[in-house]
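For reference, the chains in residue letters:
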Amino acid sequence: MATASLVFGLIGFFGGWCAFGLPCLIAIVCGHFAWKETKNGSKAGHGQAVTGLILGYVIAVPAALTTVLIFSSVLGLGTSMIEGYQ
């Protein structure tokens, strides 16, 4: 899980905007599971989990805000066009 978090975090960091931040969301979910498993030191990969979480959050938050802004502006434009025709 820690390696998956790191890999998806890197994919999201270098290409997350193209995929609407989906790799970052996967990195965050895998990172939280891996962080919980490696927190007490019984398993290796704590650094990878933390790095995947950081990369995921750094890109996922701006990507989510941008996606919401784009969809809200498109929906707002669509409703104003419909009201103009009535």
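Everything numeric here is computed off the predicted structure, so don't read it as measured data. (Residues numbered from 1 in each chain as written. Predicted model: local features only at pLDDT ≥ 70, side-chain atom pairs only at ≥ 80, totals over all residues. Heavy atoms only, no water.)

(A) Geometry of helix α1 (residues 2-15). Taking 1.5 Å of rise per residue, 14 residues should cover 20 Å, and α1 covers 20 Å from first to last C-alpha, within 8% of that figure. Buried residues of α1: A2, S5, G9 and G12, and no others. Down the axis, α1 shows its buried residues gathered within 90 degrees of arc, on one side only. (Helix = DSSP H or I, 4+ residues; strand = E, 2+ residues; numbered from the N terminus. Expected span 1.5 Å × (residues − 1). Buried < 20%, exposed > 50% of the residue type's maximum accessible area, 1.4 Å probe, protein only. Arc of directions from axis to C-beta.)

(B) Quick look at the environment of L55. For L55, the position within the fold is in helix α3 (residues 46-85). Residue classification places L55 among the buried positions, given a relative accessible area of 15%. It is 6.3 Å that separates the C-alpha atoms of L55 and F13, two residues lying 42 residues apart in sequence. Excluding its chain neighbours within four sequence positions, the residues that come into contact with L55 are G9, L10 and F13. (Contact = heavy atoms within 4.5 Å.)

(C) Just the environment of C18, in detail. For C18, the location among the structural elements is in the loop between α1 and α2 (22-38). With a relative accessible area of 71%, C18 lands in the exposed category. Residues C18 and A63 lie 45 residues apart in sequence; the distance between their C-alpha atoms is 9.6 Å.

(D) Region of the structure containing the confidence of the model for the protein. Here the protein shows a mean pLDDT of 82. Residues at 70 or above account for 85%. In the model of the protein, α3 stands out as the element of lowest mean pLDDT, 77, in contrast to α2, which has the highest, 91. (pLDDT = per-residue confidence, 0-100.)

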